Amino acid sequence: MNTDEVIWQVINQQFCSYKVKTATGNFCRNEYNATGLCNRQSCPLANSRYATVREQDGVIYLFVKTPERAHSPAKMWEKIKLSKNYAQALEQIDKELIYWPNFSVHKCKQRLTKITQYLIKMRKLKLKADERPKLVGIKKKVERREARREAKAEAAARLDKAIEKELLDRLKSHAYGDAPLNVHEDVWKEILDGEKGELEVDSDQTDEDDSQSEAEEEEEEEEEDREFVSDQSEDEEDMEDMFEKEYEHETLAL
Amino acid sequence: MVEINTIKNKLKRDELYQKKKASKAKEKRDRRTTLQKEESSNPEKKEKRLAENVPNTLENTREFDETMVEEDAEVAADEATDEFAQYFQNGLTPKILVTTSKGPSAAVYAFATELIDIFPNSHFVKRKNQFEMRHIIEFSKNRDFTDIMVINEDRKEPNGVTLIHLPDGPTAHFKLSSIALSKDIEGHGRTSSHKPELILNNFNTRLGHTIGRMFTALFPHVPEFQGRQVATLHNQRDFIFFRRHRYVFKNSKRVNLQELGPRFTLKLKWLQKGTFDRKGEHEWMFKPEMETSRRRFFL
């Protein structure tokens, strides 16, 4: 107990790491401080008998420090869970801090009130969170990457060409019917004629394969009939070969 | 010939290098002109060369996707009984409600006006602060709407669209980008009230099919071909490009297009099975960790 004075003198006049000096006054950043101000009465370090109310995860506790435990810092603060009922919690504080100076009791009760109020507010807000717009962070890197990829995809898509191709395919496949309203007569005729031409070519090809090959061979034969021959006389061997070849072709034609 | 990189004199080195470059370019040019001459007289050669040298693109080296659909009877059966059956089987005409998020700005209203123009039988309703999404969905169901489009905005610009199909239809949320209103498009045409034709490209996977059907269900069944208007939703690498054109067939090989109306890009962010539910589970959700490969696409 007698060291409290010494501690206070050192802290106040020399250095305290929890002390914050502002234009309005001195504040104490120590978590166990009941008022938040830097005073002789409010300093948790300079008072070996001290009490505060704090909340952890929505549960409110009364923290009590006595000079008997001052030698073991790990077990210094006694943590007492307060009732969820506000009135009962107040009575609990009265009971635990019976015979304590009014200052401590009063400040603890004030803290309890404030904490319960803000916890109620938080719970109410959470319920309304659905109605509130959900805020999603903008990830710059992702945005940049997506913008670049979009530009490349657009280039790769070649939209105009794709659309033109699709429309032409639809027209040619008669998806617009036999007398389409979205084409000029001449163009439609052109397409129909083109189709007919293809059909004819197809039918010709399938019907008469032989005649075609015959035609080819006839041409070949004609070519064979017409030959450019030199004036110089040829060897008998060559002449014989030539005649043989001609004979072969003639048989095929038959 | 001395190695160019061993010459210490910068001027001389530079000169030789430029000569080398010029000769390389000339060689390439000559090769190409001869090739062009040969191929102009012999188109078969050109076809052969093209067939041999097909370049690798992201599309043709796409990672194998087991959800790709190709003439699957099972898929067809599924689709016959999905949420869009009313539209496809029974010919229900779409009725669309367009609204915004709370407290919209001018750009959003302008975009909403364009949207109303795109979809026949659509209505714009100003968003009131007291109504949440579930209220809006309820009201629309009562008034026989088939779809709701909610335009989301960020920093005074529209940045997203949530498309909710009613009743109990899927909900899809898209990121909106590259919006160009018709007045900003050079040489744009005037729209008419004819029902447009629809082109949907590259919606190949199961997910793509769902989204594609969602879009189809927004447009009327029977287009008025004499209007010669076409609306295109083209999917390329998971980006859906929307365009609107008026077309005219010049001859059997060419179509002329005049761009109408707005131009925008959509990217699917998530898909939910039922109507919008913030706490509900998502059938598909995009997460940046999904894009492990440049060749992987989902639509």
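Residues numbered from 1 in each chain as written. Chains lettered and ligands numbered in written order. Predicted model: local features only at pLDDT ≥ 70, side-chain atom pairs only at ≥ 80, totals over all residues. Heavy atoms only, no water.

Draft legend 1. Highlighting the overall build of chain A. Within chain A one finds 8 helices and 5 strands. The order of α-helices and β-strands along chain A, N terminus first, is α-β-β-β-β-β-α-α-α-α-α-α-α. In chain A, which comprises 254 residues, the proportion classed as buried is 25%. Residue pairs in contact within chain A that sit at least 24 positions apart in sequence constitute 34% of those at least 6 positions apart. Accessible area for chain A stands at about 19300 Å²; split by element, carbon and sulfur atoms hold 51% of it. (Helix = DSSP H or I, 4+ residues; strand = E, 2+ residues; numbered from the N terminus. Buried < 20%, exposed > 50% of the residue type's maximum accessible area, 1.4 Å probe, protein only. Contact = heavy atoms within 4.5 Å. Areas by Shrake-Rupley, 256 points an atom, 1.4 Å probe, with all protein chains shown as cover.)

Draft legend 2. Region of the structure containing the interface of chain A and chain B. Across the contact, 36 residues belong to chain A and 43 residues belong to chain B. For the pairing of chain A and chain B, the buried interface totals around 3400 Å² over both sides, and the portion due to carbon and sulfur atoms is 56%. The partner of R243 of chain B in a salt bridge is E154 of chain A, with the nearest N and O atoms 2.8 Å apart. At the surface where chain A touches chain B, the tally comes to 17 residue pairs in polar contact (both at pLDDT 80 or more). If you list the elements that add at least two residues to the side of chain A that touches chain B, you get α4 (140-157), α5 (159-172) and α6 (185-207) of chain A. A per-class count over the side of chain A that touches chain B returns 18 nonpolar, 1 polar and 17 charged. (Buried area = accessible area lost by both parts, 1.4 Å probe. Salt bridge = Lys/Arg side-chain N within 4 Å of Asp/Glu carboxyl O. Polar contact = N/O pair within 3.5 Å; in protein donor to acceptor, adjacent residues only side chain to side chain. Nonpolar A, V, L, I, M, F, W, Y, C, P; charged D, E, K, R; others polar.)

Draft legend 3. Summary view of the nonpolar core. Residue and element names in this part refer to chain B. Membership of the largest hydrophobic core comes to 39 residues, with the highest contact counts inside it found for L115, F174, I211, F215 and I240. Per element, the largest residue contribution to this core is 5 residues, and it comes from helix α5 (residues 106-118). If near-sequence neighbours (up to four positions away) are discounted, I211 is found in contact with A172, F174, F203, I240, L268, L271 and L299. (Core = buried A, V, L, I, M, F, W, Y, C linked by side-chain atoms within 4.5 Å.)

Draft legend 4. Representation of the confidence of the model for chain B. Residues and elements named next belong to chain B. Mean pLDDT over chain B works out to 92, with 100% of the residues at or above the 70 mark. Ranking the elements of chain B by mean pLDDT puts helix α3 (residues 73-80) last with 86 and strand β1 (residues 96-100) first with 96. The ipTM value of the predicted complex is 0.86, and its pTM value is 0.74. (pLDDT = per-residue confidence, 0-100.)

Draft legend 5. Looking closely at empty space enclosed by the protein. Residues and elements named next belong to chain B. Under the criterion given, the structure shown has 3 cavities of 30 Å³ or more. Put simply, the largest cavity is a space of about 100 Å³. In terms of lining, the largest cavity is formed by 14 residues, of which the most central are F119, M149, F215, F264 and L266. The set of elements that each furnish at least two residues to the lining of the largest cavity consists of α5, β4 (157-165) and β9 (254-272). Estimated volume of the second largest cavity: approximately 40 Å³. Lining of the second largest cavity is provided by D238, K267, L268, W284, F286, F298 and L299. Its residues assigned to classes, the lining of the second largest cavity shows 5 nonpolar, no polar and 2 charged. (1 Å grid on protein atoms, 1.4 Å probe; cavity = no way out; pocket = protein on both sides within 12 Å on 5 of 7 lines; lining within 4 Å. Points joined across faces, edges and corners; volume = space filled by probe spheres on them.)

Draft legend 6. Expanded view of helix α1 (residues 10-41) of chain B. Compared with an ideal rise of 1.5 Å per residue, which puts 32 residues at 46 Å, α1 of chain B spans 47 Å between its outermost C-alpha atoms and is within 8% of the ideal. Between the side-chain oxygen of the N-cap and the backbone nitrogen of L11 of chain B there are 2.9 Å, and the N-cap of α1 of chain B in question is N9 of chain B. (Expected span 1.5 Å × (residues − 1).)

Draft legend 7. Structural context of the packing of aromatic side chains. Evaluation of the coordinates by the stated rule reveals 16 aromatic pairs over all chains. Geometrically, the ring pair formed by Y32 of chain A and F63 of chain A is edge-to-face, given 5.4 Å between the ring centres and 75° between the ring planes. Of this pair, Y32 of chain A sits in the loop between β2 (26-28) and β3 (50-56) while F63 of chain A is found in strand β4 (residues 59-65), placing the two residues 31 residues apart along the sequence. F63 of chain A carries the same exposure label as Y32 of chain A, and that label is buried. When the ring of F119 of chain B is compared with that of F219 of chain B, the centres are 5.1 Å apart and the planes differ by 55°; the resulting orientation is tilted. On the criterion of sequence distance, the pair formed by F119 of chain B in the loop between α5 and β2 (122-124) and F219 of chain B in the loop between α7 (206-216) and β7 (229-236) is long-range, its members being 100 residues apart. Using a relative accessible area of 2% as the deciding quantity, one classes F219 of chain B as buried. Taken together, Y32, Y50, Y61, F63 and W77 of chain A form an aromatic cluster joined through their ring pairs. R49 of chain A extends its terminal NZ or CZ atom over the ring of W100 of chain A, reaching a point 4.9 Å from the ring centre. (Phe/Tyr/Trp six-rings, centres within 6.5 Å; stacked < 30°, edge-to-face > 60°. Lys NZ or Arg CZ within 6 Å of the ring centre and 35° of its normal.)

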